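Each chain, written out:
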Amino acid sequence: MENKVYVLALTQDVPEEEYRTYVNPLHMRRYGRLQRRALVTAVKCMRDSGILQPDAIINGTCMGSFEETEKLLDGLAEEGESVSMPTHFMLCTHNSVASLIGLYTHNHGYNNTYSQGNVSFESAVLDAFLQLKAGRIRTALVCANDELTPAFQSILKRLGVSESLFCDRSIAMMLSVEGGDHPIREITGIKIWHEKGKGDRAQINYKEICD
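This report concerns the structure included in the present document. (Residues numbered from 1 in each chain as written. Predicted model: local features only at pLDDT ≥ 70, side-chain atom pairs only at ≥ 80, totals over all residues. Heavy atoms only, no water.)

## Digging into the nonpolar core
So, step 1. If you look at the biggest cluster of nonpolar residues, it comprises 27 residues, and the most contacted ones within it are Val23, Met28, Leu39, Val40, Ile101, Leu141 and Met174.
So, step 2. Counting only elements with at least two residues in this core, the list comes to β1 (5–12), α1 (19–22), α2 (33–49), α5 (96–104), β4 (139–146) and β5 (169–176).
So, step 3. For this core, the element with the highest residue contribution is α2, accounting for eight residues.
So, step 4. In this structure Leu39 touches Val23, Met28, Tyr31, Leu100, Ile101 and Tyr104, once residues within four positions along its chain are discounted.
So, step 5. Core analysis: the next-biggest nonpolar cluster, separate from the first, contains 21 residues, Phe121, Val125, Ala128 and Leu175 among them. (Core = buried A, V, L, I, M, F, W, Y, C linked by side-chain atoms within 4.5 Å. Buried < 20%, exposed > 50% of the residue type's maximum accessible area, 1.4 Å probe, protein only. Helix = DSSP H or I, 4+ residues; strand = E, 2+ residues; numbered from the N terminus. Contact = heavy atoms within 4.5 Å.)

This is the structure:
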């Protein structure tokens, strides 16, 4: 018998003035905007759910950290290939967010990142959903983190590309096979498909929980 999959907590775009409530500012001083926001959102979600050590941490990101990538490329352009920027190089990789959350929380469980364009978050949810249904894990923190920097927005404007095609968001969702006292909703299925002329599409199906 397959497990049911419940959403226990959902956190999105925590205001910057609340960051210190969840993470010591000294721990974030070297991180870029995306990493700081992602870490705080994840920590708040874990606290809200009461699950501080999920069995899996899975992040979905379309573009990774643009801010860190820009800093790395600017350094290479100004100083050449001999420039030493290990922190920016480390943080600009797409899997930096999931790794950072795992390191900060001392979590040694399954840790993965999906970069599947505009269906990255749904791909991450699908991974967790299948493992939870099959009983391979019992809890999973699933995140979505992307950013739009001023430089990138300027490029989009010059090219005439709509910003709506890209996300600036930070979402964290705690999933569990146990509903607990107050589950938000149940995930009943996830569909990901390619539609000609429109690209990849995705849909997460929910069942609302009635008290």
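## As for unusual backbone geometry
Excluding glycine, residues mostly carry a negative phi; peptide bonds, for their part, are mostly trans.
So, step 1. Positive phi, normally seen in glycine, also occurs at Asp13, with a value near 45 degrees.
So, step 2. Looking at where Asp13 falls in the secondary structure, it is placed in the loop between β1 and α1.
So, step 3. Even without being glycine, His106 reaches a positive phi, approximately 55 degrees.
So, step 4. For His106, the position within the fold is in the loop between α5 and β3 (110–114).
So, step 5. Judged by relative accessible area, His106 falls into the exposed class, the value being 61%.

## A word on helix α6 (residues 120–134)
So, step 1. Under the 1.5 Å per step criterion, the end-to-end length of α6 is 22 Å for 15 residues, consistent within 8% with the ideal 21 Å.
So, step 2. Across the 15 residues that make up α6, a large majority, 11, are buried.
So, step 3. Every buried residue belonging to α6 is among Ser120, Phe121, Glu122, Ser123, Ala124, Val125, Asp127, Ala128, Phe129, Gln131 and Leu132, and all of these are buried.
So, step 4. Gly135 occupies a position one or two residues after α6 and carries a positive phi of about 85 degrees. (Expected span 1.5 Å × (residues − 1).)

## Describing the pattern of salt bridges
So, step 1. Under the counting rule described, the total for this entry stands at nine salt bridges.
So, step 2. We note a salt bridge from Arg138 to Glu178, for which the minimum N-O separation is 3.0 Å. Residue Arg138 is located in the loop between α6 and β4, and its partner Glu178 is located in the loop between β5 and β6 (185–195); the two are separated by 40 residues in the primary sequence.
So, step 3. Note that Glu208 and Arg185 form a salt bridge whose closest N and O atoms lie 3.5 Å from each other. One end of the pair, Glu208, is in strand β7 (residues 199–208); the other, Arg185, is in strand β6, with 23 residues separating them in the sequence.
So, step 4. Each member of the salt-bridge network shares a partner with another, and the members are Arg33, Arg37, Glu147 and Asp168. (Salt bridge = Lys/Arg side-chain N within 4 Å of Asp/Glu carboxyl O.)

## Topic: the packing of aromatic side chains
So, step 1. Using the criterion set out here, one finds zero aromatic pairs in the structure.
So, step 2. In this arrangement the basic side chain of Arg185 is found over the ring face of Tyr206, its NZ or CZ atom lying 4.7 Å from the centre. (Phe/Tyr/Trp six-rings, centres within 6.5 Å; stacked < 30°, edge-to-face > 60°. Lys NZ or Arg CZ within 6 Å of the ring centre and 35° of its normal.)

## Overview of the packing of α2 against α5
So, step 1. Running from N to C, α2 and α5 cross one another at 50 degrees; their axes reach a closest spacing of 10 Å. With respect to α5, the axis of α2 lies oblique. Note that α2 runs across α5; the crossing there is right-handed. Side by side, α2 and α5 meet where Leu34, Gln35, Ala38, Leu39, Ala42, Val43 and Met46 of the first sit next to Ser96, Val97, Leu100, Ile101 and Tyr104 of the second.
So, step 2. Here the contact of α2 with α5 is built from residues that sort into 10 nonpolar, two polar and no charged. (Axes fitted to C-alpha atoms, helices over the stretch in contact; angles between N-to-C directions. Parallel < 35°, antiparallel > 145°, perpendicular 65-115°, else oblique. Left-handed = near helix turned anticlockwise from the far one by under 90°. Nonpolar A, V, L, I, M, F, W, Y, C, P; charged D, E, K, R; others polar.)

## Here we look at the sheet that holds β4
Strand pairing in a sheet is mediated by backbone hydrogen bonds. Such pairs are either parallel or antiparallel.
So, step 1. Reading across from one edge, β3-β2-β4-β5-β1-β6-β7 is the order of the seven strands in this open sheet, with mixed pairing throughout. Single-partner strands in this sheet number two, and they are β3 and β7. Each strand axis lies, on average, 25 degrees off the axis of its neighbour in the sheet, ignoring direction.
So, step 2. Of the strand pairs in this sheet, strand β2 (residues 56–60) and β4 are connected by five bridges, and their pairing is parallel. Each bridged residue has a counterpart across the sheet, and for Ala56 the counterpart in β4 is Ala140.
So, step 3. Each of β1, β4 and β5 is contacted by α2, which is oriented at about 30 degrees to β5, the strand it contacts most.
So, step 4. Strand contacts of α6: β1, β2, β3, β4, β5, β6 and β7, with the helix running at about 130 degrees to β6, the strand carrying the most contacts. (Pairing = 2+ DSSP bridges.)

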